[in-house]
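Given next are the chains, with one letter for each unit.
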Amino acid sequence: MNAEKRFEIFRLFFSILIALLVSFALIFMVSKQPVAAIVALITGPFKSSRNLANVVEAMIPLIFTGTGVCIMFAANQINLASEGAFHLGGLVAAAFALKLALPAGIAPAVCLILAAAAGAFFTALPAILKIKTGASEMVASLMINYISLWFCTFILMHFILDPAAGAASYSLPKTAKLPTLFSGTRIHFGLIIALAVAVLGYVFLYRSKIGYELRIAGSNKQFAEYSGIDIVKVILISQLVGGAVAGLGGGVEILSPIYSRFTWTSLLGYGWDAIVICTLAKKDPLKTPLAALFLAYLRTGASIMARTTDVTLEVVQITQGVIILLAVAEQFLSKTKHRIIAREAKAALQKEGGA
Amino acid sequence: MSEQYVLQMQNIMKIYGNGVVANEDVSLTLKKGEIHSLLGENGAGKSTLMKVLFGIETPDSGKIILNGEETTIKSPMDAISKGIGMVHQHFMLVPSLTVAENIILGVEPKNGLFIDMKKAVDEARRIAEQYNFDIDVTAKVEEIPVGVKQKVEILKALYRGADILILDEPTAVLTPQETDELFVQLEKLRADGHTIIFISHKLDEIKRICNRATIMRNGRSMGTYEVSEISTDDMSKLMVGREVVLTFDKKPPVLKEVMLSVRDLTVHNAQGVLKVDKLSFDLKGGEILGIAGVEGNGQSELINTLTAINKSYSGDIFIKGADIRQDTVKGVRDRKMGHIPEDRMTSGCAGNLSIRENMFSNQYTDPAYSGKFLLKTKVLAQRAAELVKEYLVKCKNPEQNVGMLSGGNIQKVIVAREFSIGPDIIIANQPTRGIDVGAAEFIRRRLLEYRDAGCAVILVSADLNEVFSLSDRLAVMYKGKFSGLFTDVGSVTEEQLGQYMLGLRHDDELGGAVYER
């Protein structure tokens, strides 16, 4: 491994460390029982098999949206609509599970395919706006998430609402649900789909022709143009695929044993979390499960901490924010990086001189 | 005896972020009132040393002693306040402003809140007269010729009180006549007590006006010499470590069928300015058509149109008889055209992708390299390793990011990519600009090999030596037209070429541009 790569890994861990230290400092400031809170945050997830299962359950949706964002960001399309695509995917899967009443086995597959299609359609909207009008995909995708939220809420309230259950749909039919993998937990078949998506995402991005085009266009648009790559096609496909994966994730989540009805009336934040995942995974879908595991671990720890001590969940949001800021700040530790590279170059010079 | 020196740079070391050691233990001393040449091939580290002196780069180690006192130079502003001025190779002027406005920019005479324009013009005129520069200070910079722009740059530095003036390859963009004029001016400045660092790799120019020369090679100083006491032969030896090979053993061209025909090609740029003006020419397999000319005379627009990057043109372009009007970039590339782009970093590569990934952007759809959906990763890795070997790309392995390589090696990656398709036509735009001699020579030999194998080559280059030694026919481009075309390249002198480049001479009837009429 060369100095550059080693440094990148070092920097990532250093960022995480600083972020954790910042969180600890905050906990010490706000809590009357800071040590207990930190212990709960760090060791809580390991305390019981139920807690560990919670970590795995929480990482599943993160793998989906994380992979989707990797694919879009690799093409340098800062499309933030995976939040809305996830939401819409959940609604579409739930609505069709309720209305189609397909037999077991087929039902989840059909619902998930429709969820993916809805997600693809949704993230393609900002892409098409960009291609046709030059509108920034970042702004358009940011705003469009609210359209998704309110559209889904509208469908929920007017088409699938169970009047007996408050703001929730009718109970989803058992035939459409994803099976659990381990009895006594809610770890479900979605984990397998998620891991498959991460692997396929990697193959798509790093082994396929279109993925190659996409990464070239993403890292230097002018080079892509000069090479004869169709940039419009690349922009559109990257966002169709990214959105499909996010939509699929929404479908998987709603059909999982965690939910029995469609109850989403606010954005869940998996699309935003995906940006953390993508940053930690350095746009490599194969690494998204690891990144998702880390974030899910933090989340689970935080919720245990919130339940057992006087510190609230939001502390982890701050940790997350600090990690992102440090991980994306190219100049962070740039002097150290320069020193490492300079040292290596000097060593090489001496070797040459000695030989 | 440090008092006799206005400036000493001692043991400067500079390593760039990509690990390239640009300066290794380099020292430079300047005597007051001398013209000191900093001599070296492209990539020898001259520019880096000057960037350190001008405060653009911070050295990793070393000392700078200015007028007997050790100092650090933090920024260009700092350098200017310490009496160091720099004239960059690429001018730093605002084209839409007048000469006077450019000269006073940043140090404007004020009248309350406003710039005192009358005073600005007077000041500019005064400084121009003081140094005997014959310039109309009210002219817009975009309307004045290159030679005059350079004078404006020099005046800009002098106006800010520069005692030490750095000129980075000042003659690169000048015609021979403009160069003569510049030298007269520089001698006057020297007589006035200014000290000038003259960066160049043109030996005859150094012989003409420099007192001493510091020669650099490969990031190191090869010593400082009195110019009168060293022969040009010795200088060139120190510079490249061997005799410069200026002539290639070139076989006479064996012409094949016409590969490329251009008829009445007219191109306007995005601003609507006419850049290529009813140009017609033919190119046969087995020959190199050199295109010389001062930059900005339509060369870039011509190349971008031939390679289908620009699609708005009138006239006709035929590749092997087929009209390319409907072709995309890929369409033209599929007709077996290789293209070495003018600027390797902006369009020639993706710096944060690997060497392997950069080597197939033009040919990954080839059935040898990919199936319907997937790339044949193993084949690509193997082919990349072969190409790295064949093109002598210095790297740790093909998985290294291209951006980490030196300019010459990046260029070799690009050339490997463009040549490995087995091209029928090669468009080489500044193929050796800013790279080390070894790489440049390698690329030139490759171009000749492909020409000998029947490939048609267009070579656009600012390096006159290069176009002279490689071209079978040589055209000079001036204001979108060929102002001259020489079929007997050996008989043309640099002096003549300069006149055509400047538009002083212009042949209305070109012999030999078009093969069949």
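With that out of the way, let us pick up the overall build of chain A. Across its full length, chain A holds 14 helices and zero strands. Moving toward the C terminus, one meets the helices and strands of chain A in the order α-α-α-α-α-α-α-α-α-α-α-α-α-α. Taking 2.2 N^0.38 as the reference for a compact globule, 355 residues should give roughly 20 Å; the C-alpha atoms of chain A span a radius of gyration of 22 Å, in line with that estimate. Expressed along its principal axes, the backbone C-alpha trace of chain A runs to roughly 80 × 60 × 35 Å.

Let us look at helix α4 (residues 82-100) of chain A. The periodicity of an α-helix, 3.6 residues per turn, causes residues three or four places apart in sequence to face the same way. Residue and element names in this part refer to chain A. Under the 1.5 Å per step criterion, the end-to-end length of α4 is 26 Å for 19 residues, consistent within 8% with the ideal 27 Å. For α4, a buried count of 17 out of 19 residues is recorded, marking the element as mostly surrounded by other parts of the structure. Of the residues one or two after α4, A101 is the one with positive phi, at around 50°.

Here the focus is the sheet that holds strand β19 (residues 425-429) of chain B. Residues and elements named next belong to chain B. Read from one edge of the open sheet, six strands run β18-β19-β20-β15-β21-β22, paired in mixed fashion. Looking along the sheet, the strands with just one partner apiece sit at the ends: β18 (337-340) and β22 (481-486). In this sheet, adjacent strand axes meet at a mean angle of 15° when their direction is disregarded. Bridging between strand β15 (residues 288-292) and strand β21 (residues 473-478) involves four bridges; their strand directions are parallel. Of the residues in β21, the one forming a bridge with I291 is A475. Here helix α9 (residues 299-306) sits on the sheet and contacts β15, β19, β20 (456-460) and β21; the angle it forms with β19, its principal contact strand, is near 150°.

Below, the discussion takes up the interface of chain B and chain A. Facing the 29 residues of chain B at the interface are 21 residues of chain A. For the side of chain B that touches chain A, the secondary structure elements donating two or more residues are β2 (21-31), α10 (329-334) and α11 (344-348) of chain B. In terms of residue class, the side of chain B that touches chain A is built from twelve nonpolar, twelve polar and five charged.

Moving on to the domain arrangement of chain B. Residue and element names in this part refer to chain B. According to the domain assignment, chain B consists of domain 1 (2-240) and domain 2 (258-502). Across the boundary between the two partners, domain 1 contributes 13 residues, which contact 17 residues of domain 2. Partitioning the side of domain 1 that touches domain 2 into residue classes produces six nonpolar, six polar and one charged.

Right, let's talk about the sheet that holds strand β14 (residues 274-284) of chain B for a bit. All names here are of chain B. Spatially, four strands are ordered β14-β13-β16-β17 in an open sheet, and the strand pairing comes out antiparallel. Each having just a single partner strand, β14 and β17 (322-323) make up the two edges of the open sheet. Of the strand pairs in this sheet, strand β13 (residues 258-268) and strand β16 (residues 314-319) are connected by five bridges, and their pairing is antiparallel. The residue of β16 that forms the bridge with T266 is S314. Packing of α9 onto the sheet brings it into contact with β13, β14 and β16, and relative to β14 it is tilted by some 60°.

Time to look at the nonpolar core. Grouped together as the largest cluster of nonpolar side chains are 186 residues, with contacts concentrated most on A:A93, A:A97, A:C111, A:I277, B:V457 and B:L459. The greatest single-element share of this core, amounting to 13 residues, is contributed by helix α3 (residues 49-74) of chain A. By size, the runner-up hydrophobic cluster in this structure holds 65 residues, among which are B:M13, B:A22, B:L66 and B:A124.

Residue and element names in this part refer to chain B. The interhelical angle for the contact between helix α14 (residues 407-419) and helix α15 (residues 437-452), taken along N-to-C directions, is 15°, at an axis separation of 10 Å. It follows that α14 is roughly parallel to α15 by the angle criterion. Like other packed secondary-structure pairs, α14 and α15 cross with a definite hand, here left-handed. Contacts from G408, Q411, K412, V415 and F419 of α14 reach α15 at A439, I443, R446 and Y450. For the contact of α14 with α15, a count of residues per class yields five nonpolar, two polar and two charged.

So, on to the confidence of the model for chain A. Taken over all residues, the pLDDT of chain A has a mean of 89, while the share at 70 or more is 95%. Mean pLDDT in chain A bottoms out at helix α14 (residues 334-354) of chain A, which sits at 67, and peaks at helix α7 (residues 190-207) of chain A, which reaches 96.

Residues and elements named next belong to chain A. We note that the domain assignment places domain 1 (1-31 + 311-355) and domain 2 (52-204 + 237-298) within chain A. Computed over C-alpha atoms, the centres of domain 1 and domain 2 are 31 Å apart. Opposite the seven residues of domain 1 that make contact, domain 2 presents four residues. Residues of the side of domain 1 that touches domain 2, tallied by class, amount to five nonpolar, two polar and no charged.

Residue and element names in this part refer to chain B. Residue placement: A120 occurs in helix α4 (residues 117-130). Note: C-alpha distance between A120 and L265 (145 residues apart in sequence) is 44 Å. With residues up to four places along the chain from it excluded, the contact list for A120 reads A100, E101, I104, E108, P109 and I115.

Inspection of the secondary structure puts A:G249 in helix α10 (residues 231-255). Those residues in contact with A:G249, other than ones at most four positions away along the chain, are A:P61, A:F64, A:T65, A:F86, A:G89 and A:Y270.

Residues and elements named next belong to chain B. As for its position among the elements, I12 is in strand β1 (residues 5-15). Here I12 falls in the buried class, since 25 other C-beta atoms lie within 10 Å of it. Taking the C-alpha atoms as reference points, I12 and N23, eleven residues apart in sequence, are found 6.6 Å from one another. In contact with I12, other than residues within four places in its own chain, are N23, V26, L49, V52, P59 and G62.

Backbone geometry at A:K283 places phi at a positive 60°, although glycine is not the residue there. Residue position: A:K283 is located in the loop between α11 (270-280) and α12 (288-308). If you check the backbone angles, B:N67 has positive phi at about 50° while not being a glycine. Residue classification places B:N67 among the partly exposed residues on the basis of 16 C-beta atoms within 10 Å.

What counts and what doesn't
Residues numbered from 1 in each chain as written. Chains lettered and ligands numbered in written order. Predicted model: local features only at pLDDT ≥ 70, side-chain atom pairs only at ≥ 80, totals over all residues. Helix = DSSP H or I, 4+ residues; strand = E, 2+ residues; numbered from the N terminus. Rg over C-alpha atoms; globule rule 2.2 N^0.38 Å. Expected span 1.5 Å × (residues − 1). Buried ≥ 20, exposed ≤ 12 C-beta atoms within 10 Å, placed from the backbone. Pairing = 2+ DSSP bridges. Axes fitted to C-alpha atoms, helices over the stretch in contact; angles between N-to-C directions. Contact = placed C-beta atoms within 7 Å. Nonpolar A, V, L, I, M, F, W, Y, C, P; charged D, E, K, R; others polar. Domains from an automatic or database assignment. Core = buried A, V, L, I, M, F, W, Y, C linked by C-beta atoms within 7 Å. Parallel < 35°, antiparallel > 145°, perpendicular 65-115°, else oblique. Left-handed = near helix turned anticlockwise from the far one by under 90°. pLDDT = per-residue confidence, 0-100.

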